[in-house]
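# Structural description and commentary
Single-letter residue listing:
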Protein chains: 4
Amino acid sequence: MIIVIQCTDRVGLVAGISALLAKKQLNIVSMHEHVDNTANLFFMRLEVDKTTGAEGLEESLREILPANALIKINPVAEKKIVVLVTKEYHCLADILVRNYFNTLGASVQCVIGNHNTLQDICRRFDIPFYYIEAGKDKNEFEEQVVKTIQKHDYDYLVLAKFMRILSHDFVSRFPMQIINIHHSFLPAFAGASPYRQAYERGVKLIGATAHYVTDELDEGPIIAQQIIPANHSLTVTDMVKAGKEIETAVLARALKLVFDDRVFVFKNKTVVLE
Amino acid sequence: MIIVIQCTDRVGLVAGISALLAKKQLNIVSMHEHVDNTANLFFMRLEVDKTTGAEGLEESLREILPANALIKINPVAEKKIVVLVTKEYHCLADILVRNYFNTLGASVQCVIGNHNTLQDICRRFDIPFYYIEAGKDKNEFEEQVVKTIQKHDYDYLVLAKFMRILSHDFVSRFPMQIINIHHSFLPAFAGASPYRQAYERGVKLIGATAHYVTDELDEGPIIAQQIIPANHSLTVTDMVKAGKEIETAVLARALKLVFDDRVFVFKNKTVVLE
Amino acid sequence: MIIVIQCTDRVGLVAGISALLAKKQLNIVSMHEHVDNTANLFFMRLEVDKTTGAEGLEESLREILPANALIKINPVAEKKIVVLVTKEYHCLADILVRNYFNTLGASVQCVIGNHNTLQDICRRFDIPFYYIEAGKDKNEFEEQVVKTIQKHDYDYLVLAKFMRILSHDFVSRFPMQIINIHHSFLPAFAGASPYRQAYERGVKLIGATAHYVTDELDEGPIIAQQIIPANHSLTVTDMVKAGKEIETAVLARALKLVFDDRVFVFKNKTVVLE
Amino acid sequence: MIIVIQCTDRVGLVAGISALLAKKQLNIVSMHEHVDNTANLFFMRLEVDKTTGAEGLEESLREILPANALIKINPVAEKKIVVLVTKEYHCLADILVRNYFNTLGASVQCVIGNHNTLQDICRRFDIPFYYIEAGKDKNEFEEQVVKTIQKHDYDYLVLAKFMRILSHDFVSRFPMQIINIHHSFLPAFAGASPYRQAYERGVKLIGATAHYVTDELDEGPIIAQQIIPANHSLTVTDMVKAGKEIETAVLARALKLVFDDRVFVFKNKTVVLE
């Protein structure tokens, strides 16, 4: 059983929670907590060695926690996701492979592409693929995407190299439910063509960032980041190629963290308890 | 105030400890714990926001903890160390600089060298340097070293590129008090000339390992390790040079962890709570 | 056009080769060379901007190079490979995906498994899968594997988490043609259960090594290695999971280097020109 | 002997240069070259195994190289540097230690501080320290700094955590001679308080960048960069502490590259031949 708590901090929270669990004969297998002192917030993720005994647990926790407490007990073990793509295959293929071998921690419901390049790879894994051309009318395009998403169950939308900027309206329908992979170490090189920007600036490392999508382009809470060394010998094309490897790795890692209920969001930042 | 606990694991330990602290009005600033399930051991490091209120705390803790509990409350804030060296300066100079600027987390009492190469750098930092030549008689050499150490207060001995193997007798006088930096990613390339071994084997990374010294050469509990990339273009000499940088970094990091009371030892392994 | 040269070193080699190419109006796009001074060997990899003009080039090169020169001009652009697997999917799936999207730099001819676990993923990518049970008779098993391999064209055999030790006879049929991924930073933890060994030793990093297979188990020339941090909180199972990510990455990188003709072997080591 | 060449690229440069050296009986120990195709520029760094035979070499090279060729033969082996500091010791102490043990590749002529905090550490290493208070008049301050610098020989100025922004006038006196360490992975977090910026943004890695100083603040050619992982548990103060370690390492590495004549500058970028 997994228990996730976020609330205002105060003295005795850990004592109260752990006493309650001990009383209920729930043995703590792993406990991670964090207190953000500037925001006076308490974050906790617990793994307990029983799958039963949760009856009344939330109520009991509410009695000892501040009123603003967010509590999740036994959050959905296998999240459902919809993946949005354009043409590049590397992140999607990685997700499809993990999905197929049941190591993604989520179940891919369908893939939506604004190009049909990746239709065949989805077919090979028996995953529905919807080709929705991004015409001139952005509203119309997004409306179709929303409709398609809504035909499916979903906990998260994953932008696996989806190269269209989503509107405020679209994003606000899925608050902290959209996860994007951006091909730079944000906040450096936000926006278009980060590898070209990196090349022009002559940086000695290139990176990738997985983050929640908010209204501000490439400004949402960062979940995971990684870099690899770069140098003068790399052309933009070389950087793009090298970057694909870490984009795949960073997105996979971020998804794992989110699907394992390890990621908390506050003040446009994440707390990742692992 | 720092509280460090190691004992047999059982249900309710966290609850008991945190309740006790709450009752004593001690607010937990940071809490790190680990349970080793194979050994059924519980490890905890707590930082509490008061420096008073420790009266009777150990006794109260003993009442709720298993009989085998090791408890340290307010361990020495600034450890005292004796450093042993041979000829290479990089680790020693780093320690002397941090010592001078009060960021080592320990206070260097003296330096003992089996060569006098590093005498002058010690003099410049007003640190006593003892030159004890390692002649043919190992026992005699070690006896002199022990005598010199015993003239000083010490919590730990740091082998900062001390290139002599210490005898069983010597090591057993200072159990888990000797910290060594070995210039390879152990267990690869234990023993002499690790960079030459690495060169011969053609590895694509070289490393450094800080570890407690036990009877078995280079087999003690590992505290910290790091690597850097290597390739065919590096000669043994190049590897030695490049390696010095991570030797310095890894030893500095390991010492910081030990001096902050973050390192627990069991079963020839370390638990590092940070 | 790619030109690859390995020979005894002597003064004027670069001058001679580059003069010859200039005379033939072949413009050098990239040139990498290495001299191993201990072995007195010269290694060079050239990319030239024309695809024609190679007529007589090898002969002209032989005239100016030492007699023992190995010269490859325009080596096969797309190597052919046979992949051997057991049960774990991660390396194979990565290879199949890159193969499908034509970014592997090689073409997968077939997959041979001593279990049939991975049959379906191969079928999905239209790659022939041969299930050859590893019974009690090792000779018989290997004979069947060899027969199956010989039905296909191949430049290299890739052991993508193939968990059987191959015999001397088998290995000697494919000298420097078999590439293996071992789940440790060799030479540490050679042989069986490297993650368990790493766990027992309490290392602070775990790694993966791609290498050519020779008679000596896990002792062949190393092509690529990588590590990730580890700590006390990881069980053996956690290490296995975390390790899969770098196994996949390291094997992919090693294969790319080999398929691009960047890897030279001598004295049980590799020179990787990139 | 080291030979460094930068010029317009054209066919046959390598052939011409290496033939010339062969004719002069100069054996190439190491040769690194790079062609920037977008700028049509050729960069080369050669190490030759003789220290004699350089007579007339530059003239001979000029005959075969484009008219715009920059040629350096036997550049100063030990550069002279002036170091500017404020209060933080880590970079300066590292430089002083390497200087003292003759491994810096340069010789520290003096240190100028706008605070006197670091006077004593300089005294301990017998390095002249000038305390020049940065009063209200920037011009006056800089004038005094320039005067002090000019009393010494210097090839480079090193800003080892010098926390004042230098004027256009100052910078233009020392074109590509000033090397700075900035405590972020530029271009992210340029300007003041990069760790605070990093903290606010919630990045998962923090970095350091060594670069040449130009008129544009933190916009000069990047020589070296490095990052370390970060997470939610780090306060700004923690980031500052952790960052010091890589600031020291990155500056040391950048200086080594510059002092070894491995760094070429063009188009606000560097080519680093190693």
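Refer to the structure above for everything that follows.
These figures come from a predicted structure and were not determined experimentally. In this numbering scheme, every chain counts its residues from 1 along its sequence in written order. Naming scheme: in the order in which they are written, chains are lettered from A and ligands are numbered from 1. Per-residue local features of the predicted model are confined to residues with pLDDT of at least 70, and side-chain atom pairs are confined, for both listing and counting, to 80 or more; whole-chain, interface and lining totals are unaffected and use all residues. Only hydrogens and water are removed before side-chain values are computed, so all heavy atoms of the structure are retained for them.

This paragraph deals with the pairing of strand β5 (residues 79–85) of chain A. All names here are of chain A. Accessible area is worked out with a 1.4 Å probe on protein chains only. A residue is then buried under 20% of its type maximum, exposed over 50%, and partly exposed in between. Helix and strand definitions follow DSSP, with helices as H or I runs of at least four residues and strands as E runs of at least two, each counted in order from the N terminus. Within β5, six of the seven residues are buried, which leaves it mostly tucked inside the rest of the structure. Paired strands, as defined in this entry, are two strands with at least two bridges between them according to DSSP. Sheet topology places β5 next to strand β6 (residues 106–113); seven bridges connect them, and they run parallel. Its bridge partner being in β6, Val83 is matched across the sheet by Val111. With the strands pointing away from the viewer, any crossover whose connection runs clockwise from the first strand over the helix to the second is right-handed. A crossover connection joins β5 to the parallel β6 through helix α3 (residues 90–100); in handedness this β-α-β unit is right-handed. Here β5 runs beside strand β8 (residues 156–159); their pairing, made up of four bridges, is parallel. Paired with Leu84 across the two strands is Leu159, which belongs to β8.

What follows concerns the packing of helix α1 (residues 13–23) of chain B against helix α2 (residues 57–64) of chain B. Residue and element names in this part refer to chain B. In the contact formed by α1 and α2, the axes pass within 10 Å of each other and the chain directions differ by 150 degrees. Of the possible angle classes, the one that applies to α1 and α2 is roughly antiparallel. Where α1 crosses over α2, the two elements pack in a sense that is right-handed. Every residue of α2 that contacts α1 at Leu13, Gly16, Ile17, Leu20 and Leu21 is listed here: Leu57, Ser60, Leu61 and Ile64. Gly falls in the polar group here, along with every residue not listed as nonpolar (Ala, Val, Leu, Ile, Met, Phe, Trp, Tyr, Cys, Pro) or charged (Asp, Glu, Lys, Arg). For the contact of α1 with α2, the residue count by class is seven nonpolar, two polar and no charged. Axis angles are defined between N-to-C directions and span 0 to 180 degrees, where every axis is a line fitted to C-alpha atoms and, for a helix, only to the segment in contact. An angle counts as roughly parallel when it lies under 35 degrees, as roughly antiparallel when it exceeds 145, as roughly perpendicular when it falls between 65 and 115, and as oblique in every other case. The hand of a helix crossing depends on one turn: near helix anticlockwise from the far one by less than a right angle means left-handed, and clockwise means right-handed. The criterion used for residue contact is that any of the two residues' heavy atoms lie within 4.5 Å.

This brings us to the interface of chain A and chain B. With ten residues of chain A at the interface, the matching set in chain B holds ten residues. Two parts placed together each lose some accessible area; with a 1.4 Å probe, that loss summed over both constitutes the buried area. The junction of chain A with chain B conceals about 970 Å² of combined surface from both sides, 65% of it contributed by carbon and sulfur atoms. Looking only at chain A, the three residues that lose the most surface to chain B are A:Val11, A:Ala15 and A:Met31, adding up to 38% of its buried area. Just to be clear on terms, a salt bridge is a Lys or Arg side-chain nitrogen sitting within 4 Å of an Asp or Glu carboxyl oxygen. Counting across the interface, chain A meets chain B through zero salt bridges. Whenever a nitrogen or oxygen atom comes within 3.5 Å of another N or O atom, the pair is scored as a polar contact, on the condition that within protein one atom can donate a hydrogen and the other can accept it, and that pairs from neighbouring residues in sequence are kept only if both atoms are in side chains. At the junction of chain A and chain B, the tally comes to two residue pairs in polar contact (both at pLDDT 80 or more). Of all the elements, helix α1 (residues 13–23) of chain A adds the most residues to the side of chain A that touches chain B, at five residues. When grouped by side-chain class, the residues that make up the side of chain A that touches chain B number six nonpolar, three polar and one charged.

On to the packing of aromatic side chains, then. In this scheme Phe, Tyr and Trp rings, the latter by its six-membered ring, pair at centre separations within 6.5 Å, and the angle between planes marks the pair as stacked below 30 degrees, edge-to-face above 60, and tilted otherwise. The tally for this structure, following the rule as stated, stands at 44 aromatic pairs over all chains. When the centroid spacing of 6.4 Å and the interplanar angle of 10 degrees are considered together, the rings of D:Phe141 and D:Phe162 count as stacked. Of the two residues, D:Phe141 sits in helix α5 (residues 138–150) while D:Phe162 sits in the loop between β8 (156–159) and α6 (168–173), which places them 21 residues apart along the sequence. Pairing D:Phe170 with D:Phe174 gives two aromatic rings, centres 5.1 Å apart and planes at 45 degrees, and the pair type is tilted. Note on accessibility: D:Phe170 and D:Phe174 belong to one class, buried. Pairwise contacts between aromatic rings join A:Tyr89, A:Tyr100, A:Phe101, A:Phe125, C:Tyr89, C:Tyr100, C:Phe101 and C:Phe125 into one cluster.

Attention now goes to helix α8 (residues 236–259) of chain A. An α-helical segment advances 3.6 residues per turn. Residues three or four places apart therefore align on the same side. Residues and elements named next belong to chain A. Given a rise of 1.5 Å per residue, 24 residues ought to cover 34 Å, and the 33 Å separating the end C-alpha atoms of α8 matches this to within 8%. Bending is quantified residue by residue as the angle between axes fitted to the seven-residue window ending at that residue and the seven-residue window starting at it. At Gly243, α8 shows its strongest bend, of approximately 25 degrees. Positive phi shows up at Asp261, right after α8, with a value of about 55 degrees. Expected helix span is taken as 1.5 Å per residue step, with the number of steps being one fewer than the number of residues.

Our next topic: unusual backbone geometry. What is expected of a backbone is that most residues other than glycine have negative phi and most peptide bonds are trans. Note that the residue after A:Leu186, namely A:Pro187, is joined by a cis bond; omega there is 10 degrees. You can see A:Pro187 is positioned in the loop between β9 (178–182) and α7 (194–201). Even without being glycine, B:Lys267 reaches a positive phi, approximately 50 degrees. Following the sequence through the fold, B:Lys267 ends up in the loop between β12 (263–266) and β13 (269–272). Judged by relative accessible area, which is 54%, B:Lys267 ranks as exposed. Here D:Ser193, not a glycine, exhibits a phi torsion of approximately 50 degrees, which is positive. By secondary structure assignment, the location of D:Ser193 is in the loop between β9 (178–182) and α7 (194–201).

Bringing the interface of chain B and chain C into the picture now. With 32 residues of chain B at the contact, the number on the chain C side is 33 residues. Counting each side, the surface lost to burial between chain B and chain C is near 2,500 Å², with a carbon and sulfur contribution of 56%. Three residues stand out in chain B for area buried against chain C, namely B:Arg201, B:Lys204 and B:His232, and they jointly supply 30% of the buried area on that side. The tally of links between chain B and chain C comes to two salt bridges. B:Arg201 is paired through a salt bridge with C:Glu219; the nearest N and O atoms lie 3.8 Å apart.

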